[in-house]
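As a plain string of letters, each chain reads:
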Amino acid sequence: MSATRYLRPTHLEEALAALGTHPWTVLAGGTDFYPGRVGKPVDVDVLDVTRIADLRGIQVAGGAVRIGATTTWSELITARLPNVCAGLKAAAREVGGVQIQNAGTVAGNLCNASPAADGVPALLALGAEVELHSGSGARRVNLGEFVLGSRRTARRPDELVVAVHLTPWPEGAKGVFLKLGHRRYLVISVVMVAACVALDAAGRIARCAVAVGACSAVAQRLSGLEARVVGMRPDEAIAGITNADLTCLTPIDDVRGSAAYRRDAALTLVRQAIEQAATP
Amino acid sequence: MTTESISLTVNGQPRRMDIDPRTLLVQLIRDHLGLTGTHVGCDTAQCGACTVHVDGRAVKSCSILALQADGTEVTTIEGLATGDELHPMQQAFRDCHGLQCGYCTPGMVMSAIELLKHNPQPSEQQIREGLEGNICRCTGYQNIVKAVQQAAGA
């Protein structure tokens, strides 16, 4: 059992300098850190980023939102955000119970990269970008290109996620998040669907984003469907949604449900999510 | 073994010690400080028996490292009563018999206090939602909900 080192910097530069020279495991809320190691000793060196003030908090400016990496889900739930973020708030309330929402962070949910992460579909539908910093510079990556697979992300070992950015949606756009689990509370999802819809003055779909989680290693945007329904009335758009729109999903059979069940549930939830997001 | 020093306030008392960095907050509370009122049920951040308050917010002490609580104020179930006078939430659990085996009770009480702090007059549904992170395998939650309702009315 190797000795574990623990570092808790208060400035971003300190954290980046550390990451540039040593393989640290970045820790924030830690809600899946120890529970993911039951029966195994903690043998990694831990970089606790929760005391870096710059990484915490939410700023809203002209419809654009910057969510600091270590913002907790409880902080997100109580923040004033545009209506299109209602789905993200609904997803935040599904992240474990209150104790987990008090500790778990937005960027931690993304970096942990669980296929069943509640935060990912809602942030994907919002078109979130992940801001990464390292000793050699900064970059922004679309969330869809950041989460690469189960427990895999595009973050290099020397990089730290500092924020998640949401670009503005039209005024009046609405977001929803629907989660199917085996009971109401505290469950790992069978299927999750997040949708954001903006309508034009005639009540037709001007912009639509739909993401499905827990039906593939990484939550997927349904880009074909999103493009096809633009210009349609919501009712005709919903009537036209079929399994052909879900071909990018690759659900698995597991203890929570069969692949066929997940596919069927996803189709129903996609229709419901778009209907709710298109209802002012 | 490398150690790190930690200073925190537990139930109003300043504490300073040197610990293995891998020590969980619940291990510090139970094994180092001997405050065994905080229980470990599942060890995987599901059951909520280990719930304590860190700077006034309920967290599961089995899922955070003790060092993450450095510099904070921690309150455990032992820190609620004033002398022989129970905290209103403890009294309500006693009056309503909001327990059977009692294993989940410390965590339930800590979560229920957080719930009323943010929502002093919760509906029955809001109480059930607010306690979703705490699992009780005995009571069916009926008397737990009644206890929180009594404490909210007190």
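Provided above is the structure to which this section pertains.
Keep in mind the model is a prediction, meaning the values are calculated, not measured.

A. Broad picture of the overall build of chain B. What chain B contains, in helices and strands, is five helices and five strands. For chain B, whose C-alpha radius of gyration is 15 Å, the value lies close to the compact-globule estimate of 15 Å for 154 residues. Taking the principal axes of its C-alpha atoms as reference, chain B extends roughly 50 × 30 × 25 Å. The 154 residues of chain B split such that 53% are buried. Total accessible area computed for chain B in this model is approximately 6,800 Å², and 45% of it derives from carbon and sulfur atoms. When the 11 positive and 16 negative side-chain charges of chain B are each reduced to one mean point, those points stand 5 Å apart.

B. Seen up close, the sheet that holds strand S10 (residues 160–166) of chain A. Residue and element names in this part refer to chain A. Strand order across the open sheet formed by five strands is S4-S5-S10-S6-S7, with antiparallel pairing between neighbours. Of all the strands in the sheet, just strand S4 (58–61) and strand S7 (137–142) have a single pairing partner and so form its edges. Across this sheet, the average inter-strand angle for adjacent strands is 20 degrees, counted without regard to direction. In terms of strand pairing, strand S5 (residues 64–68) meets S10 through four bridges, oriented antiparallel. Bridge assignment links Ile-67 to a residue of S10, and that residue is Val-164.

C. Spotlight on the side chain of Gln90(B). Here Gln90(B) is to be found in helix H2 (residues 88–95). In this structure Gln90(B) touches Ile77(B), Leu80(B), Ala81(B) and Val109(B), once residues within four positions along its chain are discounted.

D. Representation of helix H10 (residues 259–277) of chain A within the structure. Here H10(A) spans 26 Å end to end across 19 residues, near enough to the 27 Å set by a 1.5 Å rise per residue. Turning to H10(A), the residues buried within the fold contact strand S11 (174–180), strand S12 (191–199), strand S13 (205–213), helix H8 (223–228) and helix H9 (234–239) of chain A.

E. Broad picture of the side chain of Lys89(A). Residues and elements named next belong to chain A. Relative to the helices and strands, Lys-89 resides in helix H3 (residues 86–92). Although buried, Lys-89 forms no salt bridge, and the nearest oppositely charged side chain, Glu-75, lies 13 Å from it. The residues contacting Lys-89, other than those within four sequence positions of it, are Leu-76, Ile-77, Thr-78, Ala-79 and Leu-81.

F. Region of the structure containing the pairing of S13(A). Residue and element names in this part refer to chain A. The buried fraction of S13 is high, at seven of nine residues. The pairing of S12 with S13 spans eight bridges and is antiparallel. Bridging from a neighbouring strand, Leu-199 pairs with Ile-205 of S13. Linking two consecutive strands that pair antiparallel, namely S12 and S13, is a turn of five residues; a positive phi of about 80 degrees is found at Gly-203 within it.

G. Looking closely at the nonpolar core. The biggest cluster of nonpolar side chains holds 49 residues, and the ones touching the most others in it are Leu88(A), Leu123(A), Leu143(A), Phe146(A) and Leu166(A). If you tally residues by element for this core, the top one is helix H6 (residues 119–125) of chain A, at five residues. Of the residues that make up this core, three or more belong to each of domain 2 (53–166) and domain 3 (174–277) of chain A. Once you skip the residues sitting within four places of it in the chain, Leu143(A) turns out to touch Leu110(A), Val120(A), Leu123(A), Leu124(A), Ala128(A), Glu129(A) and Val130(A). The next biggest cluster of nonpolar side chains, apart from the first, holds 30 residues, and it includes Ala103(A), Leu25(B), Ile29(B) and Val59(B).

H. Seen up close, the sheet that holds strand S2 (residues 13–19) of chain B. All names here are of chain B. Read from one edge of the open sheet, five strands run S2-S1-S5-S3-S4, paired in mixed fashion. Looking at strand neighbours, the two that pair on one side only are S2 and strand S4 (57–60), the edges of this open sheet. Direction aside, neighbouring strands of the sheet carry axes that sit 40 degrees apart on average. Seen against the sheet, helix H1 (residues 25–32) touches strand S1 (4–10), S2, strand S3 (51–54) and strand S5 (73–75) and runs at an angle of roughly 105 degrees to S2. Against the sheet, helix H3 (residues 105–118) touches S3, S4 and S5, its axis set at about 45 degrees to S3.

I. Up close: the pattern of salt bridges. Residues and elements named next belong to chain A. Under the defined criterion, the tally for this structure stands at 16 salt bridges over all chains. A salt bridge links Glu-159 to Arg-139; the nearest nitrogen and oxygen atoms lie 2.7 Å apart. Here the residue Glu-159 occupies a position in the loop between strand S9 (152–153) and S10, and Arg-139 occupies one in strand S7, the gap between them amounting to 20 residues. Assessed through its relative accessible area of 31%, Arg-139 is described here as partly exposed. Because the salt bridges share partners, they merge into one network encompassing Arg-139, Arg-156, Asp-158 and Glu-159.

Rules and cut-offs
Residues numbered from 1 in each chain as written. Chains lettered and ligands numbered in written order. Predicted model: local features only at pLDDT ≥ 70, side-chain atom pairs only at ≥ 80, totals over all residues. Heavy atoms only, no water. Helix = DSSP H or I, 4+ residues; strand = E, 2+ residues; numbered from the N terminus. Rg over C-alpha atoms; globule rule 2.2 N^0.38 Å. Buried < 20%, exposed > 50% of the residue type's maximum accessible area, 1.4 Å probe, protein only. Areas by Shrake-Rupley, 256 points an atom, 1.4 Å probe, with all protein chains shown as cover. Lys, Arg positive; Asp, Glu negative; His and termini not counted. Charge placed at Lys NZ, Arg CZ, Asp CG, Glu CD. Pairing = 2+ DSSP bridges. Axes fitted to C-alpha atoms, helices over the stretch in contact; angles between N-to-C directions. Contact = heavy atoms within 4.5 Å. Expected span 1.5 Å × (residues − 1). Salt bridge = Lys/Arg side-chain N within 4 Å of Asp/Glu carboxyl O. Core = buried A, V, L, I, M, F, W, Y, C linked by side-chain atoms within 4.5 Å. Domains from an automatic or database assignment.

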